[in-house]
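# Per-entry structural report
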Amino acid sequence: MSKHICPKCGYKFEDRDRVCNYYLSTYDWHYFENHDENFHVFCDDCGKEFSIGYIRQKPIHFDMTTGTALLNYPKYEFSCKACAKKHNYILGDQTMTDKIYINPLNYTGAKHKLLPFIKQNLPLDCTTLVDVFGGSGELAINLADSFNHVIYNEINPYLYNIIKAFNDVPSSIFVDLVENVIYYYKLDKYNKEGFLECRHDFNLVEHKAFLENDITKSELILAVVHLYVLICHSFNNFLRINRDGKFMVPSGAGRMWFNPSLKQKLIDYINKIHTLGGELELLNQDFKSLDYTIENTFYTIDPPYFVSDDIYSRCSNYKWSEQDEIQLYGLLDEIDRAGNKFMLFNALTCNGKVNHHFKDFIKKYRVISNEDAFYNCNYQRKNGKTQEIVVVNY
């Protein structure tokens, strides 16, 4: 039993388990009952308000083919104080389709499969979200509706400029540009030669757009489009850049191409980004340069995994070191001292290696991940070799 304090009124209570997938906690019930002015439940027979009998929430189902999470709203059984009759009540609609926007890069390490779990465990009192290691942008974009302001940060200039182009260019125009490149190189599911020619041209000229400061916006966007096409047709959709800024992934011919499903993901993703407007701020900074003292801010932290294989290292010029790992934990402590909230994703073990820095760090905070949350994550369950967990300070 762990004690919690309501951020709205200071009420202290014992909470059995805030993170169980199948039950709404006493903390959440307290918030609904006392601080949500729209939350009123009355007896159909006598008109009196219900008293709570028990609280049960049905499991979440996630459809990977459509990128949709079907969330069954909490279903309650109430026993009326006045007439003693029991009633079932569904908070909101019985089912709701909550669109999950899956990144159109098929980015390794993205968190779309965990988003229902993450949304269940968001803090209640934060107005700004900072996604410190933004990557494909899935966390920032899918959680944006819960915050007034969202900051996406990514140090890798290739990833950053892809997301920036998504933000700057309407989906119809971006898709047209992608299909023009595909048409020019005659790319499809099987054309390896076309891919190699496309990669050669990018490495000869267009990769420089990500390295130079005097490039025009239109030149950078065209370079981003060319890079995006390469990712779509590369082996496992990997993005690997060497020290010279050149794309190094082999062809994915026979498996990877810009198929209709990927095209729809791209359209939906860009359209969602454009709905955010001024709420979304894009930064291209080292994580150590960010401000961790912004008031009422929630920081999502999904760093490269120190004990994992090199699969999370996207760019040879940006390697994650042990010093980075140690400095990150110091900044998380700073977030906690400032009264802000964080959610950290990291691997405790991988292929027999143990992250001892992480093991020591989590003793100070709360682990909220469980087996059900990670059931469908390939990087979590490969013969049990990787143990990824989530840690929060609230």
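Residues numbered from 1 in each chain as written. Predicted model: local features only at pLDDT ≥ 70, side-chain atom pairs only at ≥ 80, totals over all residues. Heavy atoms only, no water.

## Quick notes on the overall build of the protein
Defined as follows: Runs of E in the DSSP output that reach at least two residues are strands. Runs of H or I that reach at least four are helices, and both are numbered from the N terminus. Contacts were defined at the residue level, with two residues in contact if any of their heavy atoms lie within 4.5 Å. Per-residue and other accessible areas follow the Shrake-Rupley method at a 1.4 Å probe size, with only the shown protein chains counted as cover for residues.
A count of helical and extended segments in the protein gives 10 helices and 16 strands. For the protein, long-range pairs separated by at least 24 residues make up 66% of all intrachain contacts whose partners lie at least 6 apart in sequence. Within the structure as shown, the protein displays about 19000 Å² of accessible surface, and the carbon and sulfur contribution to it stands at 48%.

## Some thoughts on the side chain of Ser251
Operational definition: Burial status follows relative accessibility: with a 1.4 Å probe on protein chains alone, a residue under 20% of its type maximum counts as buried, one over 50% as exposed, and anything between as partly exposed. Polar contact is the term for a pair of N or O atoms within 3.5 Å; when the atoms are in protein, one must be able to donate a hydrogen and the other to accept it, and sequence-neighboring residues count only if both atoms are side-chain atoms.
Locating Ser251 in the fold gives a position in the loop between helix H7 (217–232) and helix H8 (260–276). Exposure remark for Ser251: the relative accessible area of 16% places this residue in the buried category. A distance of 3.0 Å separates a polar side-chain atom of Ser251 from the backbone nitrogen of Ala253. Once residues lying within four places of it in the same chain are set aside, the contact partners of Ser251 are Lys192, Phe195, His233, Ser234 and Phe235.

## Concerning the packing of helix H4 (residues 157–168) against H8
Rules: For helices, the axis comes from a line fit to the C-alpha atoms of the stretch in contact; other axes are also lines fit to C-alpha atoms, and the angle between any two N-to-C directions lies between 0 and 180 degrees. An angle counts as roughly parallel when it lies under 35 degrees, as roughly antiparallel when it exceeds 145, as roughly perpendicular when it falls between 65 and 115, and as oblique in every other case.
Packing of H4 against H8 brings their axes to within 8 Å, and their N-to-C directions diverge by 75 degrees. Considering their axes alone, H4 and H8 lie roughly perpendicular with respect to each other. When H4 is examined against H8, the residues Phe166, Asn167 and Asp168 are found in contact with a partner set consisting of Leu266, Tyr269, Ile270, Ile273 and His274.

## Details of the environment of Phe210
Along the chain, Phe210 turns up in the loop between helix H6 (192–204) and H7. Owing to a relative accessible area of 7%, Phe210 belongs among the buried residues under this scheme. Considering only alpha carbons, one finds Phe210 and Gly245, 35 residues apart in sequence, at a separation of 7.9 Å. Not counting the four nearest positions on each side in its chain, Phe210 is found in contact with Pro157, Tyr158, Asn161, Phe202, Leu220, Ala223, Val224 and Leu227.

## Overview of the pattern of salt bridges
Here is the rule: Salt bridges are defined as contacts in which a side-chain nitrogen from Lys or Arg sits within 4 Å of a carboxyl oxygen from Asp or Glu.
All chains considered together, the criterion is met by 11 salt bridges. Between Lys164 and Asp168 there is a salt bridge, with the nearest N and O atoms lying 2.9 Å from each other. Placement of both Lys164 and Asp168 in helix H4 is noted, with a separation of 4 residues, approximately one turn of the helix. Relative accessible area serves as the criterion here: at 28%, Asp168 is assigned to the partly exposed category. Note that Lys364 is salt-bridged to Asp333, the shortest N-O span being 2.8 Å. Of this pair, Lys364 sits in the loop between helix H10 (356–361) and strand S15 (366–367) while Asp333 is found in helix H9 (residues 322–337), placing the two residues 31 residues apart along the sequence. Taking the relative accessible area as the measure of exposure, Asp333 reaches 16% and is therefore buried. Each of the salt bridges in this network shares a partner with another, and the network as a whole consists of Lys111, Asp302 and Glu388.

## Structural notes on the packing of H4 against H7
When two helices pack together, their arrangement is given by the angle between the helix axes and by the axis-to-axis distance. What counts, and what does not: Note: crossing handedness is left-handed where the near helix turns anticlockwise from the far helix by less than a right angle, and right-handed where it turns clockwise.
Two elements in contact, H4 and H7, have axes whose closest approach is 9 Å; the angle formed by their N-to-C orientations is 110 degrees. When the axis of H4 is compared with that of H7, the two are roughly perpendicular. Between H4 and H7 lies a crossing of left-handed hand. Residues Tyr158, Asn161, Ile162, Ala165, Phe166 and Asp168 of H4 pack against Lys217, Leu220, Val224, Leu227, Tyr228 and Ile231 of H7.

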